[in-house]
Amino acid sequence: MQGYLSHFLGNLDIVNSREVCKFLEVSRLSFVTEYGPKLKEDYVTVRHLPRIQMDDDRRCCPCSWSCCCNGNWQKVWAVLKPGFLALLQDPLDTKLLDIIVFDVLPTSDGNTEGRVLLARETKERNPLRFGFQLSSGSRTIRLRLRSNAKVKEWVAAINDAVLRPPEGWCYPHRYGSFAPPRGLIEDGSLVQWFVDGQAAFEAMASSIEEAKSEIFITDWWLCPELYLRRPFHVHRSSRLDALLEARAKQGVQIYILLYKEVAIALKINSVYSKRRLLNIHENVKVLRYPDHVSTGVYLWSHHEKIVIIDNQVCYIGGLDLCFGRYDNWEHKVGDSPPLIWPGKDYYNPRESEPNSWEDTMKDELDRAKYPRMPWHDVQCALWGPPCRDVARHFVQRWNYAKRNKAPNEQAIPLLMPQQHMVIPHYMGKSKEMSSENKQQDADPKNVKKLDSFASRSSCQDIPLLLPQEPDLLTLPSRNIEVNGLDTNHGPSDQPNRIGRNQHKSFRKTKVEHAIQDLQMNAFVDDLGSPPPSREAHFDVTSQQEPDKDWWETQERGDQVFSADEFGQVGPRTPCHCQVIRSVGQWSAGTSQTEESIHNAYISLIEKSEHFIYIENQFFISGLSGDDTIKNRVLDSLYRRIMRAEKEKKCFRVIIVIPLLPGFQGGIDDGGAASVRAIMHWQYRTICRGPNSILQKLYDIMGPKAHDYISFHGLRTYGRLYDGGPLVTNQIYVHSKLMIVDDRIALIGSANINDRSLLGSRDSEIGVLIEDKEFVTSHMNGRPWKAGKFSLSLRLSLWSEHLGLRPGEISLITDPVDDATYKEIWIANSKMNKMIYQDVFSCVPNDHIHSRYALRQSTAYWKDKIGHTTMDLGIAPEKLEAKGTDPMERLQSLRGRVVCFPLEFMEQENLRPFFGETEFYVAPQVFH
């Protein structure tokens, strides 16, 4: 029998026939391992697809009676994988007709067992017909088969596939997320942080240059002319459109999903971006969503910032690939003549948003008069299963946008999500295929346009039933070195760290499932108590100079940053990771609104032990009983502080937000009602009225409230050009970050407001990172096992904000101790605020309590100094009080942190009033 089968399968003409494929239930997708194990396949009939031209031998049945086969029904090939059901024209085709990506269903379907079911049998009017329906997200499709037995097989197979741990895509995981916790085993889950745009953009550029298969990008704002490396005139090839063009010409498929803005409200001009991107190459596909007329969605936006390369590495956080985001720890306010920020990339949204896009290299602002607004942000990179979870989210959004915006456009394909722990297609090639591809790479004319998964499918001359033997596997060994991988190269360049014998079948035994479930339960229930076996053996507090392998010479691949750039890139670290998001029916086509980011914030705050550090673009939240603001981040902070007060324990909350909203217009301008409205909601959250946290804490404990929670911003200064005026501007805090107890970090795109956190409004993506490698540190004066990822990120941020030198980092390793919190953080913040007010009289400040006072101050300083900047901020030649040089006073600054101006405009009602356009806009837009 073995000899017969070997001879039979050796005949390619026979083995690649549709009859054999049908008999053995195999297709081109069967053994493409990146989509998961082979489950069930067969011909089914559906009626929701456009009419397919078929040969007579592929009709749904041999007869031609119309009563047997309704004209709307047609036969297609169905392929069941753990994460989706794909429909193809036949087993040999590579083009997707449709795909149902499995998503979270309601927790109970109403039956006696309370079990979630994705597929259900249906009763047909004709007793000779047998069918079932498949529901996922907001979609339901009907399928038919030839017998009731086959229907039962398919229903059981689908429901078993989607409920199988650890993925189980159809039931919610921790925090209600669509994605399970990763990194419970050595599955290759790695993370790395980047502070500010220079470090993050450099890493993204390197990854894009190494792309071999496909690139996914989605942004709130995307500028094709953005340079990812600077100085821009030295790095012409690093412009985003040039990078994408180079990869597209090599056959890389590029999918870009843009937010389609309401043009009268925003000037990000996604139409222009789409046209420029589509002109790059035919392998670049672009969709804009939502369509406002058909969806009726005008108030909410797609706010994620995602770049995914080959399903191997992804970047998420606060950074859009757009103008104004490139920056580093220097946060310069000027660039004249232009070396770093060309044209409209010299950006200050407080002064002016770009009004034209014909020439992006033409300045929007006069560099001799207006400072740029420095930009502070945090981004992280994910490798392994968390990366594929983010890619799954992108695929879900792309397919939903495709069905709504371009259902019949053949150039826009549907996408398939990859599966956990899989092999990228380019690592499983035979020698013949590799040599063939080398020839194609040498001659770009030979590169053919690829369909949605043709690049990952078997070639025509390779039997479907004989899958190729992969050369390498992506599952890392258990003794993988943390910083040993190269960011600039794929796993295929690390053969010494990856072994063939580590591959395991996807068909795990019941025992393996039980072990995984046990591990997951322990992970979910106990967020603390680090395992001692993962401790790293160095003490960051006992060294005058930080460990060079970890701090001063941080690795990003084989590149080592110089001393001038230290602290911008973190160590690549194995961690527990879980992808979380905010999505709903309008944004991703889900049947359930997911607010797992909101849930994670609340849970982490409640379980925090010692301190919470938050950086966010907005801070708008509500206390219990507040019917206006729905998210409860503020209430969780309040309850956690009250618990600390009741237990007489030290607990700190430090929150860093922008000093002013980053929207155009002076505070007193008639067209700046949006700026004032956001200020109103933030002050309502922080310190004004019964729904504010500081007033509620003051009513209970008085000034002691500041021992528990404090609010800050960032500010810097410099000259517009050599010999030019001395100016200051806020550093715009755009990061969306929370660090808890130096062990847990939450990084993503979500702001702390209802728009980002409720799920039914803006769409967002984030990742919860829990350390599993620990270093010796201190917390509240006692030894503490701090996480390598979280601690290194906080120390990088604080050393920049506080102006510390590398040898002084040990001063801030204990964030709770009075020596750090009061004597360094609070003291520096207060001193810096006073110096900036004395030198620049800049806005906002605590001396201005009303719009009338603001008019007087603005008129006085503009007349005295003769400048026209929106928020003042230009120093006189001599200070009035002492007649000294402003630079002498500025030498006393320590870092960039300043106290948030809690008393600014406290006598004003900042809400839009009758007569202003914003008065007629739903208030939910601003919070």
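Numbering of residues starts from 1 in each chain and follows the order in which that chain's sequence is written. Reporting in this predicted model follows two pLDDT cut-offs: at least 70 for local features of residues, and 80 or more for side-chain atom pairs to be given and counted; totals over whole chains, interfaces and linings ignore these cut-offs and use all residues. Computation of side-chain values covers all heavy atoms of the structure but excludes hydrogens and water.

### Considerations on the overall build of the protein
Stage number 1. Runs of H or I in DSSP of at least four residues are treated as helices and runs of E of at least two as strands, each being numbered from the N terminus. Of the regular secondary structure elements, the protein holds 22 helices and 31 strands.
Stage number 2. Within the protein, buried positions represent 61% of all 927 residues.
Stage number 3. A contact between two residues is defined here by any heavy atoms of the two lying within 4.5 Å. Partitioning the contacts of the protein with sequence separation of at least 6, the portion at a separation of at least 24 is 74%.
Stage number 4. The Shrake-Rupley method, run with a 1.4 Å probe sphere, supplies the accessible areas, and residue values consider only the shown protein chains as cover. Surface summary for the protein: the accessible area is close to 36300 Å², and the carbon and sulfur share equals 51%. We call a residue buried when its accessible area falls under 20% of the maximum for its residue type, exposed when it is over 50%, and partly exposed in between, using a 1.4 Å probe and counting protein chains only.

### Section: the packing of aromatic side chains
Stage number 1. Only rings of Phe, Tyr and Trp enter the pairing, Trp through its six-membered ring, and a pair is recorded when the two centres are within 6.5 Å. The plane angle decides the type: under 30 degrees is stacked, over 60 is edge-to-face, the rest tilted. Taken as a whole, this structure holds 22 aromatic pairs when the rule is applied.
Stage number 2. Taken together, the ring pairs connect W221, F323, Y347, W375 and Y732 into an aromatic cluster.
Stage number 3. Positioned over the ring face of W784 is R743, at 3.7 Å from the centre of the ring. Note on geometry: a ring has a charge over it if NZ (lysine) or CZ (arginine) is within 6 Å of the ring centre and within 35 degrees of the ring normal.

### Some points on unusual backbone geometry
Stage number 1. Cis geometry is adopted by the peptide bond preceding P337, which originates at S336 and carries an omega value of 0°.
Stage number 2. Structurally, the position occupied by P337 is in the loop between β13 (313–317) and β14 (375–376).
Stage number 3. Here the residue pair V843 and P844 is connected by a cis peptide bond, since its omega of 5° sits within 30 degrees of zero.
Stage number 4. Along the chain, the position of P844 falls in the loop between α20 (818–840) and α21 (851–865).
Stage number 5. Its identity as a non-glycine residue notwithstanding, E25 has a phi of 55°, on the positive side.
Stage number 6. Counting through the fold element by element, E25 comes out in the loop between α3 (18–24) and β1 (41–46).
Stage number 7. Phi at D742 takes a positive value of approximately 55°, unusual for a residue other than glycine.
Stage number 8. Classification of D742 as buried rests on a relative accessible area of 0%.

### Observations regarding the sheet that holds strand β3 (residues 84–88)
Stage number 1. Strands qualify as paired when DSSP identifies two bridges or more between them. As summarised here, the arrangement of the seven strands in space is β4-β3-β2-β1-β7-β6-β5, forming an open sheet in which the pairing is antiparallel. In this open sheet, the two edge strands, each paired with only one partner strand, are β4 (96–101) and β5 (119–122). Pairs of neighbouring strands in the sheet enclose a mean axial angle of 35°, with direction left out of account.
Stage number 2. Pairing between strand β2 (residues 74–81) and β3: five bridges, direction antiparallel. All axes here are fitted lines through C-alpha atoms, helices being fitted over the stretch that makes contact, and every angle between N-to-C directions spans 0 to 180 degrees.

### Examining the packing of helix α13 (residues 596–607) against helix α14 (residues 633–647)
Stage number 1. With their axes 9 Å apart at the nearest point, α13 and α14 run at an angle of 5° to one another. Classified by the interaxial angle, the pair formed by α13 and α14 is roughly parallel. When α13 is examined against α14, the residues H598, Y601, I602, I605 and E606 are found in contact with a partner set consisting of V633, S636, L637, R639, R640 and R643. Under this scheme an angle from 65 to 115 degrees is roughly perpendicular, one under 35 degrees roughly parallel, and one over 145 degrees roughly antiparallel; angles in between are oblique.

### Quick notes on the nonpolar core
Stage number 1. Put simply, buried Ala, Val, Leu, Ile, Met, Phe, Trp, Tyr and Cys residues joined by side-chain atoms within 4.5 Å make one nonpolar core. One finds F102, L134, Y613 and L793 to be the most contacted residues of the largest nonpolar core, which totals 109 residues.
Stage number 2. With eight residues, the top contributor of residues to this core is helix α9 (residues 385–405).
Stage number 3. With 67 residues, the next largest nonpolar core counts A600, L854, L872 and L890 among its residues.

### Considering the layout of surface pockets
Stage number 1. For cavity detection a 1 Å grid was placed over the protein atoms alone, and a set of points counts as a cavity when a 1.4 Å probe fits there but cannot get out; an open set counts as a pocket when protein lies on both sides within 12 Å along at least five of seven lines, with lining residues being those that have an atom within 4 Å of a point. Grid points are joined across faces, edges and corners, and a volume is the space filled by probe spheres set on the points. Of the voids in this model, the second largest pocket is the one considered here, and its volume is about 1400 Å³.
Stage number 2. Forming the boundary of the second largest pocket are 45 residues, of which A265, L266, F663, S674 and V925 lie nearest the centre.
Stage number 3. Contributing elements (two or more residues each) for the lining of the second largest pocket: α15 (673–686) and α18 (754–757).
Stage number 4. When residues in the lining of the second largest pocket are grouped by element, the largest group, three residues, is from α15.
Stage number 5. Each residue gets one of three labels, nonpolar for Ala, Val, Leu, Ile, Met, Phe, Trp, Tyr, Cys and Pro, charged for Asp, Glu, Lys and Arg, and polar for the others, Gly among them. Looking at the lining of the second largest pocket residue by residue, the class counts come to 25 nonpolar, twelve polar and eight charged.

### Some details on α9
Stage number 1. A helix's residues, less one, multiplied by 1.5 Å, set its expected span. Counted at 1.5 Å a residue, the expected span for α9 with its 21 residues is 30 Å, and the 30 Å between its end C-alpha atoms agrees.
Stage number 2. Within α9, 18 of the 21 residues are buried, which leaves the element mostly enclosed by the surrounding structure.

### Quick look at the state of the cysteines
Stage number 1. Whenever a pair of cysteine sulfur atoms sits within 2.5 Å, that pair is classed as a disulfide. The full count for this structure, using the stated rule, is zero disulfides.
Stage number 2. Here C314 is not cross-linked by a disulfide; its sulfur's nearest cysteine counterpart is in C387, at 4.3 Å.
Stage number 3. Residue classification places C314 among the buried positions, given a relative accessible area of 0%.

### Topic: the packing of α14 against helix α16 (residues 693–701)
Stage number 1. Contact geometry of α14 with α16 gives a least axis separation of 11 Å together with a crossing angle of 20°. Taken together, the axes of α14 and α16 are roughly parallel relative to one another. Our pair here, α14 against α16, has a crossing hand that is right-handed. Where α14 approaches α16, its residues L634, L637, Y638, I641, M642 and E645 are matched on the opposing element by I693, K696, L697, I700 and M701.
Stage number 2. For the contact of α14 with α16, the residue count by class is nine nonpolar, no polar and two charged. Note on convention: near helix rotated counterclockwise from far helix by under a right angle means a left-handed crossing. Clockwise means right-handed.

### Here we look at the pattern of salt bridges
Note that side chains of opposite charge can pair when their charged atoms are close.
Stage number 1. Each salt bridge in this description consists of a side-chain nitrogen of Lys or Arg and a carboxyl oxygen of Asp or Glu lying within 4 Å of one another. Enumeration over the complete set of coordinates arrives at 44 salt bridges.
Stage number 2. One salt bridge in this structure joins R855 and D668, with 2.7 Å as the shortest N-O distance. In this pair, R855 sits in helix α21 while D668 sits in the loop between β22 (652–656) and α15, placing the two residues 187 residues apart along the sequence.
Stage number 3. The exposure class of R855 is partly exposed, given its relative accessible area of 42%.
Stage number 4. Residue R755 pairs with D762 through a salt bridge whose shortest N-O separation is 3.0 Å.
Stage number 5. Residue class for R755 comes out buried when judged on its relative accessible area of 13%.
Stage number 6. When salt bridges with common partners are traced through the structure, they connect E225, R239, D241 and R276 into a single cluster.

### Looking at a nonpolar patch on the surface
Stage number 1. Residues M1, Y4 and L5 make up a contiguous nonpolar surface patch of about 380 Å² in total accessible area.
Stage number 2. Structurally, the position occupied by L5 is in helix α1 (residues 2–9).
Stage number 3. You can call L5 partly exposed: its relative accessible area is 40%. Distance thresholds for patches are 9 Å for like charges and 5 Å for nonpolar side chains (Val, Leu, Ile, Met, Phe, Trp, Tyr), applied to residues having over 30% relative accessible area and no salt bridge.

### Digging into helix α5 (residues 197–209)
Stage number 1. Between the first and last C-alpha of α5 there are 18 Å, a value that for 13 residues agrees with the 18 Å anticipated at 1.5 Å per step.
Stage number 2. Of all the 13 residues making up α5, twelve are buried; the element is thus mostly covered by neighbouring parts of the structure.
Stage number 3. If you check which residues of α5 are buried, you get G197, Q198, A199, A200, F201, E202, A203, M204, A205, S206, S207 and I208.

### Looking at the environment of Y717
Stage number 1. Within the secondary structure, Y717 sits in strand β23 (residues 709–719).
Stage number 2. What makes Y717 partly exposed here is its relative accessible area of 25%.
Stage number 3. Separated by 158 residues in sequence, Y717 and A875 have C-alpha atoms that sit 9.9 Å apart.
Stage number 4. Apart from residues lying up to four places away in sequence, Y717 is in contact with V333, L726, V727, T728, Y836, F840, M887, L890, Q891 and L893.

### Topic: the pairing of strand β29 (residues 774–779)
Walk down a regular strand and you will see the side chains alternate between the two sheet faces.
Stage number 1. Most of β29 is tucked away, with five of its six residues classed as buried.
Stage number 2. Inspection of the sheet shows β29 paired to strand β30 (residues 782–787) by six bridges, in the antiparallel sense. If you follow M779 over to β30, its bridge partner there is R782.

### Structural notes on the confidence of the model for the protein
Stage number 1. The pLDDT score gives, residue by residue, the confidence of the prediction method on a 0 to 100 scale. Averaged over all residues, the pLDDT of the protein is 82; the fraction at 70 or higher stands at 80%.
Stage number 2. For the stretch residues 62–68, pLDDT sits under 50, and the model shows six contacts to residues farther than four places along the chain or on other chains.
Stage number 3. Overall, residues 422–566 carries pLDDT values under 50, and its contacts beyond four positions in sequence, including any with other chains, amount to 285 contacts.

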